[in-house]
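These are the residues of each chain, in order.
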Amino acid sequence: MADIAALTALIEPEAKALGFDLVRIKLFGSGDDRTLQIMAERPETKQLVIEDCAALSRRLSDLLDEVDPIEEAYRLEVSSPGIDRPLTRLHDFVEWGGFEARITVTEAIEGRKTFKGILGGVEGQDIQFRDTKVGDVVIPFGLIDGAKLVLTDALISATMPLSSDGADEFETEE
C-alpha cells in the first residue's frame, strides 16, 4: 500500500501550481478495483469545475506515470469535494463553523465514537462541537477518523453555486 504522506508531498505542489488547495488524498479498493482519489478546490469558491478536474488529472497522470509511487494498478479520480464535503484540515472546522457535520473518532469520547451536530469552532487543536444527543463536546483533531458536512438547507443556501453559464443552451427533441 502506498504511503499517503508521500503521495501528498508529491501531489500537493502540483495542485498548488494550478491554484488549487488539496482537500484529501485517499487510496481505496483492492486488486483491479483500486482508486486513487484526489479532492481539490479553488480557495475562492471551495469547488472545482470539470475543466479544473481535467487539468489536474492530466498534470498528475504524467507525474504519477513518471514517479510510479503506487506498485499496484489503480484508477485516478480527481474531483471537487462537493457540497457535503469531507472535513480534513483543521481550518475546515473553522471555515464551516455553524453547519451540521458528522464526525467519527478513533477513541471513544464520552462513551461515543460517532457524533452528529453543529460545528462550533476550534480552540488550539480541539474541535468545539454541539452533538444532538450529548450536547457540547470537545473533540481533539488528532482523534478524528472521518468528518463531513451534512447536506442541509442551510448548507445549500450558504454554498456558492457554480457558474451556470451555458446551462440554458441545450436542445430537446419533441
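Quick look at the structure, then. Source: prediction; values computed, not measured. (Residues numbered from 1 in each chain as written. Predicted model: local features only at pLDDT ≥ 70, side-chain atom pairs only at ≥ 80, totals over all residues. Heavy atoms only, no water.)

1. Let's talk about the environment of Leu7
Phase 1: With respect to the secondary-structure elements, Leu7 resides in helix 1 (residues 4-17).
Phase 2: Judged by its relative accessible area of 1%, Leu7 is buried.
Phase 3: Here the alpha-carbon distance between Leu7 and Leu27, two residues 20 residues apart in the chain, equals 9.8 Å.
Phase 4: With sequence-adjacent residues up to four places away left out, Leu7 is seen in contact with Ala2, Ile25, Leu36, Pro69 and Ile70. (Helix = DSSP H or I, 4+ residues; strand = E, 2+ residues; numbered from the N terminus. Buried < 20%, exposed > 50% of the residue type's maximum accessible area, 1.4 Å probe, protein only. Contact = heavy atoms within 4.5 Å.)

2. Observations concerning the sheet that holds strand 1 (residues 21-28)
Phase 1: Spatial strand order, 1-2-3: three strands in an open sheet with mixed pairing. What marks the edges here is a single partner per strand, and that holds for strand 1 and strand 3 (75-79). Mean inter-strand twist for the sheet, computed between neighbouring axes without regard to direction, equals 15°.
Phase 2: Pairing of strand 1 with strand 2 (residues 35-41) involves seven bridges; the strand directions are antiparallel. Directly across from Leu22, in strand 2, lies its bridge partner Ala40. (Pairing = 2+ DSSP bridges. Axes fitted to C-alpha atoms, helices over the stretch in contact; angles between N-to-C directions.)

3. Considering the nonpolar core
Phase 1: With 20 residues, the main nonpolar core has Leu7, Ile11, Ile25, Leu36, Ile38, Leu56 and Leu60 as its most contacted residues.
Phase 2: For this core, the secondary-structure elements that each account for two or more residues are helix 1, strand 1, strand 2 and helix 2 (50-67).
Phase 3: Sorting elements by how many residues they give to this core places helix 2 first, with five residues.
Phase 4: Leave out the neighbours within four places in its chain, and Leu60 touches Ile11, Glu14, Ile38, Leu76 and Val78.
Phase 5: Counting residues in each nonpolar core, the second largest holds 19 residues, with Ile103, Ile109, Leu143 and Leu149 among its members. (Core = buried A, V, L, I, M, F, W, Y, C linked by side-chain atoms within 4.5 Å.)

4. Some points on the pairing of strand 4 (residues 100-109)
Phase 1: Sheet analysis places strand 4 next to strand 5 (residues 112-123), joined by six bridges and oriented antiparallel. The residue bridging Thr104 from the neighbouring strand is Thr114, located in strand 5.
Phase 2: Taken together, strand 4 and the strand that follows it, strand 5, pair antiparallel across an intervening segment of two residues, in which Glu110 is found at a positive phi of about 50°.
Phase 3: The pairing of strand 4 with strand 8 (residues 144-149) spans five bridges and is antiparallel. In the strand pairing of strand 8, Val105 is matched with Ile144.

5. Describing the packing of aromatic side chains
Phase 1: Enumeration over the complete set of coordinates arrives at two aromatic pairs.
Phase 2: Aromatic side chains Phe93 and Phe141 sit 6.0 Å apart centroid to centroid with 80° between the ring planes, which places their arrangement in the edge-to-face category. Of the two residues, Phe93 sits in helix 3 (residues 90-95) while Phe141 sits in the loop between strand 7 (135-140) and strand 8, which places them 48 residues apart along the sequence.
Phase 3: In this structure, Lys26 is placed above the aromatic ring of Phe28, and the distance from its NZ or CZ to the ring centre is 5.8 Å. (Phe/Tyr/Trp six-rings, centres within 6.5 Å; stacked < 30°, edge-to-face > 60°. Lys NZ or Arg CZ within 6 Å of the ring centre and 35° of its normal.)

6. Thoughts on the pattern of salt bridges
Phase 1: If you walk through the whole model with that rule in mind, you get 15 salt bridges.
Phase 2: With a shortest N-O distance of 3.0 Å, Asp33 and Arg75 are connected by a salt bridge. Taken together, the positions of Asp33 in the loop between strand 1 and strand 2 and Arg75 in strand 3 put the pair 42 residues apart, joining distant regions of the chain.
Phase 3: Measuring nitrogen to oxygen at the nearest pair gives 2.6 Å for the salt bridge that ties Asp136 to Arg130.
Phase 4: Taken together, the shared-partner salt bridges in this structure form one network comprising Glu41, Lys46, Arg85, Arg89, Asp92 and Glu95. (Salt bridge = Lys/Arg side-chain N within 4 Å of Asp/Glu carboxyl O.)

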